[in-house]
Amino acid sequence: MSRITTIEQYHEQYKKSVDHPEAFWAEIADEFTWKKKWDKVLDWNFSAPEVSWFINGKFNITENCLDRHLEKDGDKLAYTWEANDPKEPNIQYTYKELHAEVCRFANVLKKHGAVKADRICIYMPMIPQAVIAMLACARIGAVHSVVFAGFSAASLAGRIQDSDCKLVITSDGAYRGVKDIPIKEVVDEALETCASVTKVIVYQRTGTVVKMNAGRDYAWDEEMKNASSVCPAEEMDSEDLLFILYTSGSTGKPKGVVHTCGGYMVFTKYSFENVFQYNPGELFWCTADVGWVTGHSYIVYGPLLAGASSLLFEGIPTWPDPGRFWAMVDKHQVNILYTAPTAIRALQASGLEYVTPYKLNSLRVLGSVGEPINEEAWAWYDTHIGKARCPIVDTWWQTETGGILISPLAAITKTKPGFATLPLPGIQPLLVDEKGTEILGNGVEGNLCIRFPWPSIIRTTYGDHERCRQAYFATYKNLYFTGDGCRRDADGYYRITGRVDDVINVSGHRIGTAEVENAINMHADVVESAVVGYPHDIKGQGIYAYVICTNSEKNPDSLRKEIIAEVMKLIGPIAKPDKIQVVTGLPKTRSGKIMRRILRKVAEGDLSNMGDISTLLDPAVVEEIKKGKI
Ligand code: WTA
């Protein structure tokens, strides 16, 4: 059994995973259903990079998520779905029912010409059909690319074009709190520039009137009516693509992170079971959206592979009031709650009167993901939600890692506020200095790297392998570089301190400064811009933009509004700058490089010591920027 139950076992397993990684992972992979076992466990080389796990193994991940449970646990609950509106009835799916729906929708996809290796874009709200759509793709061997339904038409189009998606699965609209968002309209706009898409399947969720293009758009319900619930699973190779998920980096457009079937399957189940210590019969609730990797790994694949029961939620934490999460925990008797620091801070700020009416006594484990959790939020979560009896698992990982790499194992690893604590078995982290020299010992700080592959490591960035190499494997020779800074304390515990590259983490969502700058620069009056992050009470980091304009006469308020509109149009509301300061120049070195360090200090409100500014082309701009701080 791959389930660790004591700290001694953890240390034992960890040692085994480092001394004999292939034997270690082979034993875990053995617990899955394979049509054909692998010939070799691992081949790797970080300089190419080239990583293959469970080589020549044949199987289908959905047989492991669904079919495998049918005989014994077919009537077990896979999901309970709660709608945005608390008055709307819940919908439940047993494993048997989910299996049937997935097979039926897989047949719909086939009918519309989807075949193995086709890319299919999913742009949907948090409804069970989003999960069904993902699994139906996997069933037939198509590669899903889920795009968070908050992204704009331009962002969606860019992602569809980058991976040449053939089909899009969407809904008429999406409910989020009081909002009723017409998302099919966004798809229609995006598709004006996406020639690769031949079919669109539209689930009717809100009843909003939508335009259905004859021959291109089909209604989900109509298509499902006559679809058979028998659909043999396509045989997949371990290294066949399972999905693409776009994420922002420090340069250029978002990149399509590629995960493959075998390693991802093995690692998501392993990490789910061990980190959360899920027990049969418990209810797990991950509050993420399926549009992010957390939703992929810990709403869909990890829990289903483990045969777990999950809660799926369409709405937002603050509607109809900020007690929604806690009402749901009591109503459904949630045992494990996995959420993000930004949600915790927002609910903390709303006041205890929204918490005290609820018992919260079903909770056993609490989780945190997406950004560093500040000690105050950690303590509030611990005291008021966990009532000081629920271990908090602060899980560090990334879209590129596929699953949780550094985290306590619930109730096994001693926790410390703000610390992701220790690596999971199979994960070999190290800290390096700027030059890439390993920083040994404890009580040290550096850039976080990983020296050995784990099964769900990123395989490539879709359509551009060189970009994958450059972004993750070129900074430090023979190491995977995470882009995060990290401290290792006297006990050898890891504490992630945040990004060390030009990526801002806003409410747990990664946003590249270059992407926001590109959007701002599209405004006709903007000559140049520079974007940095700054500490924000709720969002963790906010977006601070410095802009140089041609038209100095223009009213700064209307300029700000127009810039925000431009960013919303090109990226989406999550990338909206919180502060926009109009400046006449940016602090640049003689070689033209923007000194972001200075811009960050001003944005943080630390105006005292600007450090050495003598290398600037025009040191006077610093004074102006300081004076104009918002
Ligand atoms: C940050 C989300 C501190 C980190 C799963 C990482 C964290 C980026 C934590 C990945 C954590 C995630 N503590 N920081 N527990 N979890 N991060 O790809 O900077 O959306 O590099 O994956 O979020 O974000 P992504």
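Analysis parameters
- Residues numbered from 1 in each chain as written.
- Predicted model: local features only at pLDDT ≥ 70, side-chain atom pairs only at ≥ 80, totals over all residues.
- Heavy atoms only, no water.
- Helix = DSSP H or I, 4+ residues; strand = E, 2+ residues; numbered from the N terminus.
- Rg over C-alpha atoms; globule rule 2.2 N^0.38 Å.
- Buried < 20%, exposed > 50% of the residue type's maximum accessible area, 1.4 Å probe, protein only.
- Contact = heavy atoms within 4.5 Å.
- Areas by Shrake-Rupley, 256 points an atom, 1.4 Å probe, with all protein chains shown as cover.
- Lys, Arg positive; Asp, Glu negative; His and termini not counted.
- Charge placed at Lys NZ, Arg CZ, Asp CG, Glu CD.
- Near = heavy atom within 4 Å.
- Polar contact = N/O pair within 3.5 Å; in protein donor to acceptor, adjacent residues only side chain to side chain.
- Nonpolar A, V, L, I, M, F, W, Y, C, P; charged D, E, K, R; others polar.
- Axes fitted to C-alpha atoms, helices over the stretch in contact; angles between N-to-C directions.
- Parallel < 35°, antiparallel > 145°, perpendicular 65-115°, else oblique.
- Pairing = 2+ DSSP bridges.
- Right-handed = clockwise from strand over helix to strand, strands pointing away.
- Core = buried A, V, L, I, M, F, W, Y, C linked by side-chain atoms within 4.5 Å.
- Salt bridge = Lys/Arg side-chain N within 4 Å of Asp/Glu carboxyl O.
- Phe/Tyr/Trp six-rings, centres within 6.5 Å; stacked < 30°, edge-to-face > 60°.
- Disulfide = S-S within 2.5 Å.

1. So, the overall build of the chain
Reasoning step 1: What the chain contains, in helices and strands, is 18 helices and 30 strands.
Reasoning step 2: Taking 25 Å as the expected radius of gyration for a compact globule of 630 residues, we find that the chain reaches 24 Å, a close match to that expectation.
Reasoning step 3: Its C-alpha atoms give the chain principal-axis dimensions of roughly 75 × 60 × 55 Å.
Reasoning step 4: A burial count over the chain gives 61% of its 630 residues as buried.
Reasoning step 5: Within the chain, contacts between residues separated by at least 24 positions form 71% of all contacts whose residues are at least 6 apart in sequence.
Reasoning step 6: Accessible surface computed for the chain: about 23,500 Å², of which carbon and sulfur atoms make up 51%.
Reasoning step 7: Within the chain, one finds 69 positive and 78 negative side-chain charges whose respective centroids are separated by 1 Å.

2. Let's talk about the site of the ligand
Reasoning step 1: Surveying the vicinity of the ligand reveals 17 residues, the closest of which are D394, T395, T399, D484 and R510.
Reasoning step 2: Within the backbone of P372, one N or O atom sits 3.3 Å away from a nitrogen atom of the ligand.
Reasoning step 3: Against a free-state accessible area of 530 Å², the protein chains account for coverage of 96% of the ligand.
Reasoning step 4: Put simply, the parts of the chain that give the shell around the ligand at least two residues each are α10 (293–305), β20 (392–395) and β25 (494–499).
Reasoning step 5: Its residues assigned to classes, the shell around the ligand shows six nonpolar, six polar and five charged.

3. Regarding the packing of helix α2 (residues 21–29) against helix α9 (residues 261–276)
Between two packed helices, what matters for the description is the angle formed by their axes and the separation of those axes.
Reasoning step 1: The contact between α2 and α9 brings their axes to 10 Å, and the two run at 85°. Taken together, the axes of α2 and α9 lie roughly perpendicular to each other. Between α2 and α9, the residues in contact are F24, W25, I28 and A29 and V266, F267 and Y270, respectively.
Reasoning step 2: Among the residues forming the contact of α2 with α9, the class breakdown is seven nonpolar, no polar and no charged.

4. Some points on the side chain of T421
Reasoning step 1: Within the element layout of this structure, T421 appears in the loop between β20 and β21 (429–432).
Reasoning step 2: Sequence-distant contacts of T421, that is, excluding residues within four places in its chain, are made with I406, S407, P408, T413, K414, T415, K416, G492, Y493 and Y494.

5. Some details on the pairing of strand β18 (residues 336–339)
Reasoning step 1: The alternating pattern of β18 places I336 and Y338 and L337 and T339 on opposite faces, both of which are buried.
Reasoning step 2: Sheet topology note: the strand β16 (residues 283–286)/β18 ladder contains three bridges and is parallel. Note on β18: the bridge partner recorded for W285 is L337.
Reasoning step 3: In the classification by handedness, the crossover that spans β18, the intervening helix α12 (residues 341–350) and the parallel strand β19 (residues 365–369) is right-handed.

6. Some words on the sheet that holds strand β7 (residues 143–146)
Reasoning step 1: The eight strands lie next to each other as β12-β11-β8-β6-β7-β14-β15-β23, forming an open sheet whose pairing is mixed. The strands lining the two open edges of the sheet, one partner per strand, are β12 (217–219) and β23 (460–461).
Reasoning step 2: Examined bridge by bridge, strand β6 (residues 119–123) and β7 share four bridges and lie parallel to one another. Its bridge partner being in β7, C121 is matched across the sheet by S145.
Reasoning step 3: On the sheet, helix α5 (residues 128–140) packs against β6, β7, β8 (167–171), β11 (199–203) and β14 (241–247) and is oriented at approximately 175° with respect to β6.

7. A closer look at the nonpolar core
Reasoning step 1: Core analysis: the largest hydrophobic core is formed by 124 residues, its most contacted members being F105, L109 and Y301.
Reasoning step 2: With ten residues, the top contributor of residues to this core is α5.
Reasoning step 3: Leaving out residues up to four positions away in the same chain, L109 has contacts with A114, I120, A136, C137, I140, L167, I169 and I201.
Reasoning step 4: Core analysis: the second largest hydrophobic core is formed by 41 residues, Y123, I504, V531 and I571 among them.

8. Observations regarding unusual backbone geometry
Reasoning step 1: A cis amide bond, omega -15°, links A48 with the succeeding residue P49.
Reasoning step 2: Along the chain, P49 falls in the loop between β1 (40–45) and β2 (50–55).
Reasoning step 3: Here the residue pair W319 and P320 is connected by a cis peptide bond, since its omega of 0° sits within 30 degrees of zero.
Reasoning step 4: As for its position among the elements, P320 is in the loop between β17 (309–313) and α11 (324–332).
Reasoning step 5: We note that L360 has phi near 60°; this positive angle belongs to a residue other than glycine.
Reasoning step 6: By secondary structure assignment, the location of L360 is in the loop between α12 and β19.

9. A closer look at the pattern of salt bridges
Reasoning step 1: All chains considered together, the criterion is met by 46 salt bridges.
Reasoning step 2: Notably, a salt bridge pairs K36 with D39, separated by 3.2 Å at the nearest N-O pair.
Reasoning step 3: Exposure remark for K36: the relative accessible area of 34% places this residue in the partly exposed category.
Reasoning step 4: The class of D39 is exposed, set by a relative accessible area of 55%.
Reasoning step 5: A salt bridge links K96 to D75; the shortest N-O distance between them is 3.2 Å. Taken as a pair, K96 in helix α4 (residues 95–111) and D75 in the loop between α3 (61–73) and β4 (77–82) lie far apart in primary sequence, 21 residues in all.
Reasoning step 6: K96 sits in the partly exposed class, given a relative accessible area of 45%.

10. Examining the environment of G291
Reasoning step 1: Its place among the elements puts G291 in the loop between β16 and α10.
Reasoning step 2: Residues G291 and I458 lie 167 residues apart in sequence; the distance between their C-alpha atoms is 17 Å.
Reasoning step 3: Discounting chain neighbours no more than four positions away, the residues touching G291 are V146, F148 and L245.

11. Concerning the packing of aromatic side chains
Reasoning step 1: Here the structure, examined in full by the defined rule, presents 42 aromatic pairs.
Reasoning step 2: Both rings, one in W25 and one in Y270, keep their centres 5.3 Å apart while their planes meet at 75°; by these two values the pair is edge-to-face. Residue W25 is located in helix α2, and its partner Y270 is located in helix α9; the two are separated by 245 residues in the primary sequence.
Reasoning step 3: Exposure remark for W25: the relative accessible area of 1% places this residue in the buried category.
Reasoning step 4: Each ring, one from F276 and one from F284, has its centre 4.9 Å from the other, and the planes form 65°; the classification is edge-to-face.
Reasoning step 5: Using a relative accessible area of 0% as the deciding quantity, one classes F284 as buried.

12. Notes on the state of the cysteines
Reasoning step 1: Applying the stated criterion across every chain yields a total of zero disulfides.
Reasoning step 2: Unpaired in this structure, C65 has its nearest cysteine sulfur neighbour in C261, at a distance of 11 Å.
Reasoning step 3: No disulfide involves C486; its sulfur sits 10 Å from that of C449, the nearest cysteine.
Reasoning step 4: Overall, C486 belongs to the buried group, its relative accessible area being 0%.

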